[in-house]
Each structure stands twice: as structure tokens, then as C-alpha cells.
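So the chains spell out like this:
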Protein chains: 2
Amino acid sequence: MANVVINKLVIIGVGLIGGSFALALRKAGRVSHITGVGRSRENMERARDLGAIDEIASDLSSALKDADVVFLAIPVGQTGQTMTQIAPHLRPGTIVTDAGSTKQNVISAARVHLAEHLHNFVPGHPVAGAELSGASAASPELFRDKNLVLTPIDETSETALKRVTELWQACGAQVSQMSARRHDKILAAVSHLPHVLAFTLMSYICCGNGTGDPMHDEEIIPSELLRFAGSGFRDFTRIAGSSPEMWRDICLGNREELCKQIDVYQRELTALREMLVNDDGKALEKTFAESREWRKQWLEGTP
Amino acid sequence: MANVVINKLVIIGVGLIGGSFALALRKAGRVSHITGVGRSRENMERARDLGAIDEIASDLSSALKDADVVFLAIPVGQTGQTMTQIAPHLRPGTIVTDAGSTKQNVISAARVHLAEHLHNFVPGHPVAGAELSGASAASPELFRDKNLVLTPIDETSETALKRVTELWQACGAQVSQMSARRHDKILAAVSHLPHVLAFTLMSYICCGNGTGDPMHDEEIIPSELLRFAGSGFRDFTRIAGSSPEMWRDICLGNREELCKQIDVYQRELTALREMLVNDDGKALEKTFAESREWRKQWLEGTP
């Protein structure tokens, strides 16, 4: 298979994801010229100094007019607005793809704002989290052996899908395809819900106002609670150190599915509480043992 | 202050905690002779080979007859039974202390089974988690700079309390005192509740039976969900890899407090769900930002 090289890639949002995509494709020799678009002049200059981009776009019109591929690596909450801005400048042949963490809402936005361009629109999501952000955190190896999910729509052309698949494979990613609905369900379970649970635990520990707060009668303050928190607590809440803006957007972007899953999780938690109330050590131990066993199998199967 | 050396220490349960206590006190030169009591012959021989204990007890009577201090480092679920076994052999002057993760239930057991010995009973809890177990995982540094909580009761003598405090300080631990009730509330919040939440997430992901399961209609199976789980999920669920027996005992040992806190946590989660339903991005971002800020402050303040 001949390695396809694209002449011009435009990256909108040259942060961790956009910058890493640039560095990985450059390292793989798959792109001749990369133009970056972004709001922070400082970050764009950093991206240029690091060799992620060749050029900082002066305006969208000239950046996009001869682009082969446009990569949207922006917070999902800015998707609609950004699509509106790029739409007038896109050539019909330019492929547009994105890195949004939620897919049904990105597709809805594309149906409104990129309506004339859906044949060349390939929704995608690199499942590669990192706590860092900005171009300076970018790495050509960020996507190596990581999952990359494409969620093409009926209108997406085979050619565009194939091209984007090849680019991500060149970055070392494991590319798979599924419906946007399926993607959003899976990510709600393994990513969005755990984030909500971790944020809520910190909120429970630290922001209790005394109403129904079990710490109230002993006057236990958050700093005293946290003094006795150990490494288990630190790891459990690590994802509560993530960007509030980004997670606001993701949670709202997938809120219908997330609410459904919160409901089912709450029912599971209530079932476990019942085991406690009934002093049912056998059921409790079974639940814990199964959970541990699933986790063990998962870790052993994970490269 | 003269370093008090104890002549004979008896450790009941020479696993990670019991073995580390032995090694730390030996390293500090605070004990002349250590006798180990345990069910697994193999583990006891390991403990002896590692130098944690000098002698494997042949029977409780001879082990305890000249003991200065007895350390119970057993699963909390076995506390009552073990106390019943040692009670007939204790001299009045022997200090008994323990390492149970829950304190109100250990104290209740002592009031029943060590009723004649409460003046020399010092309930304690080294807050030093580790995923490993057994004597071979023991380390003289396990308690270094870790929290050690003593929860003396009204009957506990000042002399016994002082002696146990000094032993733990010799292990490098940060010793503090509080009521058992306060201890159990704090640990429920920062340890027991997070464990329950992590076990429940694994259970939610892996053991859904289709009833009310949001994955059901898309026929998404656990292994496919877990394929897309990343490092955030791995860290969040790390504590779900803990011992099912141990956590069954801890949860049941503190079930009243834990149930109360599950209720309040559920209310917090429901409040967050309401923000999603109302599309209230501002409230959501505020909650996430406060959670992140508290966590950041905690990490910066943690040695």
C-alpha cells in the first residue's frame, strides 16, 4: 500500500491533541505542510517553535482555500461556532475530521453548519486522555497503540473515511468504526460517568453545607477529612483534576445518555446499600470479588 | 526521653501490617523478642525467615503468658473470635492494641470479649493502604510519615496509651487521637465510600443483566466497554482490586455510617444530574472547578 502524503493539513486548535496529530504525521512523513489556527498567539508560536506547524494562519480564508484535510481539535462546546466559521471557505474536496469526545452532538452540529460538506466529514475521537494541555505537552507518540474511534455517518464517502483511517494509522492508533450512538454509550460508561463520580466525591467531601451532611454533628471540616485520605483516594479522584470547562462540555454534549447511566449506576449503588442494611456479607463479597476479577482480566488483556 | 524497649511482643496475624510493625520496631531497636501467631504455616515461616519474628507460637497460652504487648493485625471480621481466644491467657499488665480499619465495632467486640482488660486496650488504625498482602510484602518503612489513629476509650489507661503511641512513633508514624465515632466517619468518607463507588462501577460495567441496562439495546458487552477504558478508568478503579473479604468486613463493620454517607453522596449525584437535565453549564463548571481546586490544594499540602 503506497503511503499517501497530504499536501496541506490545517489544524484548528493546536493543543495537546492537535499538536500531537501534527507531530505524529510529520514523523511518519505523511504531510508536506501544516497550518495552525488558534486563539492564543503564545501557544501558536510555541507550536511553530516545536515544529508541530509550519505556519500560523493569518486568516481562515487563505488557510483553508487549498487545504486537503482540516482537523478540528477544539473543545466540543466550540464545535458549532467553529464549523460556521470554516464552512464558507471549504473547497468541496477538503476532508474535515474532528477529535471531539462526544459524537452525536458533533454530528448534529455538522448537519446544521456543514450541511453542504457531509460527504467529506469524518467524525472521530482519539481515546487518549492526558491531564496536560497545550502545544508544549504534544508528543508524536501520544496516539501510539491507543484507540481511535471513527463514527462515519450515512453521507460520509468511502474515500474520505479511508483517508482519515490511514492518517490515524500512521500515527500508530488502533482505528475502529462504530455508530456515534454506540460510541457515546461506551464512553459514557467508561469515561464520562467515572469523571462525574470522581468530581461528585470531591464535591461531597469538600463542599458539604451542613444540610444532611453526616460530618456536621462532629464538626469535621474538609481539610481534616483530606488529611486522612491516602493513595487510594488520590488515584480515585485523579480524573477530578481534569479541566472543568472541557468536562462541562463533554457532560452536556452527552447529557441524555449520561443521565440514563447515572440512573442505572444509582440503582446499583442502592442495591449494594441494601446488602449492607441486610448484613448480607455473602452478597457483598460476591459483588466485590466479581468486580475485582473483571478488573484483573481487563488489566491482563490490556497491552 | 528514654527509648522504652519491650521485652516480648506477640503479633497475631503476621501479614503486611503485622510484619511491617515487627520490622519497624526491630529496626528502631524497641523490642527484644517477637512471637508470631498465625494460621498459615508457610506465611509464618516466611515471616521468621525475613527476620520479622523470632519464634512461631506453638500455642496461645505459652505465647501470651509473658507478653508485654499483643498486636492484633487480623481482618476486622475475625476480631471478636480472636479476642475470645486470647482473653483467658492475658496477664492484667499486658497491653493489647489492634490495627482494624473500623473502630467502633472493634471496641464493641472488646467490651464483650476483653471486658476484664479494657484498661490495657488501645484501639488503633494505621492508615497505610497497600494492595499487597502477606509477610513477604512487609517493610520497616510502611508506616513512615503515615497517619496512625488511636481511638482510646474511657477505660484505657494513660500508661497504655502512652506506650502504644511511642511504639508507633518509633515506626515513623504520625500519631493522632480521636473518638472511634469520628474515626469511622472520616474513614467512611475518604476510604470506605470511594471503595464502594469503585466496586459498584466495575459491577455496573460488567455485571449488568439487561434489566434497565442502558447497554442492552445496543448489545454492548463488558469486554467491548473495557476495550475503550483508559488510564483514568484504571486509576479510578484501582481500589476495586482490593481484597473482597477484607472490604466485606470493613463495609459491614462500619455499615451504619457508610449507609448514611451513601445516601448523602446519592443526593449530591442527583443534584449534579439535575444540572445536566437543566443544561446548566454554569453550575456544572462551578462544581467541577471547585472539586479540582480542593484536590489541588490537598495534593499541594500533602507531604
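Note that the structure is predicted; figures quoted are calculated from it, not measured.

How do you make sense of the overall build of chain A when you look at a structure like this?
Assigned secondary structure in chain A consists of twelve helices and nine strands. Its C-alpha atoms put chain A at 70 × 35 × 35 Å along the principal axes. Split into buried and exposed, the 303 residues of chain A put 49% on the buried side. Put simply, 78% of the contacts in chain A that link residues at least 6 apart link residues at least 24 apart.

I'm lost on the confidence of the model for chain A in this one. Help?
Close inspection of predicted coordinates is inappropriate for parts of the model with low pLDDT. Per-residue pLDDT for chain A averages 93, and the proportion of residues at 70 or more is 95%. Confidence estimates for the predicted assembly give a pTM of 0.91 and an ipTM of 0.90.

What's the story with the environment of Arg292(A) in this structure? I'm lost.
Along the chain, the position of Arg292(A) falls in helix H12 (residues 281-301). What makes Arg292(A) partly exposed here is the crowd of 19 C-beta atoms within 10 Å. With sequence-adjacent residues up to four places away left out, Arg292(A) is seen in contact with Ala240(B), Gly241(B) and Pro244(B).

Looking at this structure, I do not really get the sheet that holds strand E4 (residues 69-72) of chain B. What am I missing?
Strands in a sheet are paired, the pairing made by backbone hydrogen bonds, and the direction either parallel or antiparallel. Residue and element names in this part refer to chain B. One open sheet holds the six strands; their spatial order is E3-E2-E1-E4-E5-E6, and the pairing between them is parallel. The open sheet terminates on both sides in strands that have one partner only, identified here as strand E3 (55-56) and strand E6 (121-122). Two elements, strand E1 (residues 6-12) and strand E2 (residues 31-37), share six bridges in a ladder whose sense is parallel. Residue isoleucine 6 lies in a different strand from E2, and its bridge partner there is valine 31. The sheet contacts of helix H1 (residues 16-27) involve E1, E2 and E4, and relative to E1 the element is tilted by about 165 degrees. Across the sheet, helix H6 (residues 158-170) is in contact with strand E5 (95-98) and E6; its angle to E5 comes to roughly 55 degrees.

Which parts of the structure should I look at to understand the environment of Met202(B)?
On the secondary structure map, Met202(B) appears in helix H7 (residues 180-206). Separated by 65 residues in sequence, Met202(B) and Arg267(B) have C-alpha atoms that sit 21 Å apart. Those residues in contact with Met202(B) that sit more than four places away from it in its chain are Ser291(A), Trp294(A), Arg295(A), Thr237(B) and Ala240(B).

In this structure, what is going on with the domain arrangement of chain A? I would like to understand it.
Note: interface size is frequently given as the accessible area lost on complex formation between the parts. Residue and element names in this part refer to chain A. Along its sequence, chain A is carved into domain 1 (6-178) and domain 2 (183-301). On the domain 2 side, the residues contacting the 14 residues of domain 1 number twelve residues. For the side of domain 1 that touches domain 2, a count of residues per class yields four nonpolar, eight polar and two charged.

Quick question: what am I supposed to make of the interface of chain A and chain B here?
On the chain B side, the residues contacting the 82 residues of chain A number 82 residues. Broken down by secondary-structure element, the contributors of at least two residues to the side of chain A that touches chain B are helix H7 (180-206), helix H8 (222-227), helix H9 (231-236), helix H10 (244-253), helix H11 (255-277) and H12 of chain A. The greatest single-element share of the side of chain A that touches chain B, amounting to 19 residues, is contributed by H7(A). Class assignment for the residues of the side of chain A that touches chain B results in 46 nonpolar, 16 polar and 20 charged.

Can you walk me through the sheet that holds strand E8 (residues 147-150) of chain A in this structure?
Residue and element names in this part refer to chain A. Within the open sheet, the three strands sit side by side as E7-E8-E9. Their pairing is mixed. Across the chains shown, the open sheet's two edge strands, defined by having one partner strand only, are strand E7 (124-127) and strand E9 (174-177). Mean inter-strand twist for the sheet, computed between neighbouring axes without regard to direction, equals 20 degrees. Both E8 and E9 contribute to a ladder of four bridges, which runs parallel. By the bridge assignment, asparagine 147 is partnered in E9 with glutamine 174.

Reading the values: the criteria
Residues numbered from 1 in each chain as written. Chains lettered and ligands numbered in written order. Predicted model: local features only at pLDDT ≥ 70, side-chain atom pairs only at ≥ 80, totals over all residues. Helix = DSSP H or I, 4+ residues; strand = E, 2+ residues; numbered from the N terminus. Buried ≥ 20, exposed ≤ 12 C-beta atoms within 10 Å, placed from the backbone. Contact = placed C-beta atoms within 7 Å. pLDDT = per-residue confidence, 0-100. Pairing = 2+ DSSP bridges. Axes fitted to C-alpha atoms, helices over the stretch in contact; angles between N-to-C directions. Domains from an automatic or database assignment. Nonpolar A, V, L, I, M, F, W, Y, C, P; charged D, E, K, R; others polar.

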